[in-house]
Amino acid sequence: MKKDSGIILALDVTDKERALFVAEAVGDVLDAIKVNYPLALSCGLGIVTELAEHIDVICDFKVADIPNTNRLIVQEAFKAGASGIIVHGFVGHDSVEACVEHAGSGDVFVVTEMSHPGGQEFTAKVADDLVKVAIDAKASGVIAPATRPERLKYIRELLPEEMVVLSPGVGAQGGKITDVFDAGADYAIIGRAIYNADDPKKAAEGFLEELGNR
Ligand code: OMP
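None of the values given here were measured: they were computed from a predicted structure.

**Comments concerning the overall build of the protein**
Broken down by element type, the protein carries 10 helices and eight strands. Relative to the compact-globule value of 17 Å for 214 residues, the protein shows a C-alpha radius of gyration of 16 Å, a close match. Viewed in the frame of its principal axes, the protein has a C-alpha envelope of about 45 × 40 × 30 Å. Counting over 214 residues, the protein shows a buried share of 52%. Here the analysis covers contacts within the protein between residues at least 6 apart in sequence; of these, 64% occur between residues at least 24 apart. Total accessible area computed for the protein in this model is approximately 9600 Å², and 50% of it derives from carbon and sulfur atoms. A distance of 3 Å separates the average location of the 20 positive side-chain charges in the protein from that of its 34 negative side-chain charges.

**Focus: the sheet that holds strand S2 (residues 32-36)**
Taking strand neighbours around the barrel as the criterion, the eight strands line up as S1-S2-S3-S4-S5-S6-S7-S8 in a closed arrangement whose pairing is parallel. Each adjacent strand pair in this sheet contributes to an overall mean axis angle of 25°, direction not counted. The pairing of strand S4 (residues 84-88) with strand S5 (residues 107-111) spans five bridges and is classified as parallel. Across the sheet, Gly84 pairs through a bridge with Asp107, a residue of S5.

**Re the site of the ligand**
The ligand sits among 17 residues. The nearest are Asp12, Lys34, Ser115, Gln173 and Arg192. Asn36 has a polar side-chain atom sitting 3.1 Å from an oxygen atom of the ligand. Within the side chain of Asp60, a nitrogen or oxygen atom sits 3.3 Å from an oxygen atom of the ligand. If the ligand stood free it would expose 500 Å²; the protein chains cover 92% of that surface. Where the shell around the ligand is concerned, the elements lending two or more residues are S2, strand S3 (56-63) and strand S8 (187-190). Across the shell around the ligand, the residue classes tally to eight nonpolar, four polar and five charged.

**Section: the pairing of strand S7 (residues 164-168)**
A large share of S7 lies buried, amounting to four of its five residues. The parallel pair strand S6 (residues 141-143) and S7, bridged by helix H7 (residues 149-158), forms a crossover whose chirality is right-handed. Pairing geometry for S7 and S8, over three bridges, is parallel. The residue of S8 that forms the bridge with Leu166 is Tyr187. With helix H8 (residues 177-182) bridging S7 and its parallel neighbour S8, the resulting β-α-β unit is right-handed.

**Here's the deal with the side chain of Thr123**
Tracing the chain through its elements places Thr123 in the loop between S5 and helix H6 (127-136). Residues in contact with Thr123, not counting those within four places in the same chain, are Thr112, Glu113, Met114 and Leu130.

**So, the pattern of salt bridges**
Any two side chains of opposite charge can pair, so long as their charged atoms come close to each other. Evaluation of the coordinates by the stated rule reveals 11 salt bridges. Residue Glu50 is joined to Lys16 by a salt bridge in which the shortest nitrogen-to-oxygen separation is 3.1 Å. Separated by 34 residues along the polypeptide, Glu50 in helix H3 (residues 46-52) and Lys16 in helix H1 (residues 16-26) bring together distant segments of the chain. For Lys16, a relative accessible area of 36% gives the class partly exposed. Across the pair Glu113 and Arg148 runs a salt bridge whose closest N-O atoms are separated by 2.6 Å. Taken together, the residues span a long stretch of sequence, with Glu113 in the loop between S5 and H6 and Arg148 in the loop between S6 and H7 at a distance of 35 residues. Residue classification places Glu113 among the buried positions, given a relative accessible area of 2%. Several salt bridges share partner residues, and in doing so they unite Lys34, Asp60 and Lys62 into one network.

**Side note on the nonpolar core**
Core analysis: the biggest nonpolar cluster contains 63 residues, and Leu11, Ile33, Val35, Leu51, Ile85 and Ile177 have the highest contact counts within it. With five residues, the single largest contributor to this core is H1. Those residues in contact with Leu11 that lie beyond four places of it in its chain are Ala19, Val22, Ala23, Ile33, Lys34, Leu39, Leu51 and Tyr195. Listed in part, the 11 residues of the second largest apolar core include Ile8, Val111, Ile143 and Leu166.

**Here we look at the state of the cysteines**
Two cysteines, two sulfur atoms, one covalent bond between them: this is a disulfide. In the structure shown here, the tally under the stated rule is zero disulfides. Its sulfur unpaired, Cys59 is 12 Å from the next cysteine sulfur, which belongs to Cys99.

**Examining a negative patch on the surface**
A surface patch of like charges, here negative, comprises Asp198, Asp199, Glu205 and Glu209. Given a relative accessible area of 53%, Glu209 falls into the exposed group.

Conventions and cut-offs
Residues numbered from 1 in each chain as written. Predicted model: local features only at pLDDT ≥ 70, side-chain atom pairs only at ≥ 80, totals over all residues. Heavy atoms only, no water. Helix = DSSP H or I, 4+ residues; strand = E, 2+ residues; numbered from the N terminus. Rg over C-alpha atoms; globule rule 2.2 N^0.38 Å. Buried < 20%, exposed > 50% of the residue type's maximum accessible area, 1.4 Å probe, protein only. Contact = heavy atoms within 4.5 Å. Areas by Shrake-Rupley, 256 points an atom, 1.4 Å probe, with all protein chains shown as cover. Lys, Arg positive; Asp, Glu negative; His and termini not counted. Charge placed at Lys NZ, Arg CZ, Asp CG, Glu CD. Pairing = 2+ DSSP bridges. Axes fitted to C-alpha atoms, helices over the stretch in contact; angles between N-to-C directions. Near = heavy atom within 4 Å. Polar contact = N/O pair within 3.5 Å; in protein donor to acceptor, adjacent residues only side chain to side chain. Nonpolar A, V, L, I, M, F, W, Y, C, P; charged D, E, K, R; others polar. Right-handed = clockwise from strand over helix to strand, strands pointing away. Salt bridge = Lys/Arg side-chain N within 4 Å of Asp/Glu carboxyl O. Core = buried A, V, L, I, M, F, W, Y, C linked by side-chain atoms within 4.5 Å. Disulfide = S-S within 2.5 Å. Patch = residues over 30% accessible without salt bridge, like charges linked within 9 Å, V, L, I, M, F, W, Y side chains within 5 Å.

As structure tokens, then:
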């Protein structure tokens, strides 16, 4: 995945026309587009193929099953054109290892502490273990919360340098893009603050300006 702006768009819209409009409007400001269930379920996996013709696509399917089912999900996502996939670590080493093995040269990102308030209930308590699963399985990186920059920094420091950190929670969830990069993340994942804006391109450029004005 390239790294220019450091911004990954979470394209959680359910209308295909709107999705393609937003993707085209902000495409040159982004490093990748993340496709989650809302878009994949409403448009089918073909949307991944369509978007992947223009930009790297990460399938955020939060894969969380036994190794064999994980393998099948990962294979379908990459066959559709994804270049990365997001998986859960709480299912254990073997399940995450199956994802990494079958992603081939594609990226696997493991969710650690989640960004929403409920993320503190369970995921925060086992964040160190989730990071260890990601490291042991040789994942490309992890997902860590923009909403808790001190925790994001802590998680970054547990990781070897070559692993990347993708951080959701900027904008609608209250996180600040400057905090994300100050805490050592490699990419910010931003959804509603861009795709719900009247002018998505202007909104994306606004985040870049914020970074430039630090
Ligand atoms: P916005 O809150 O609209 O910016 O979207 C955030 C995106 O990041 C959504 O697609 C979420 O599913 C995703 N996300 C989180 O918000 N929190 C997490 O802890 C993990 C993810 C994720 O795995 O991407």
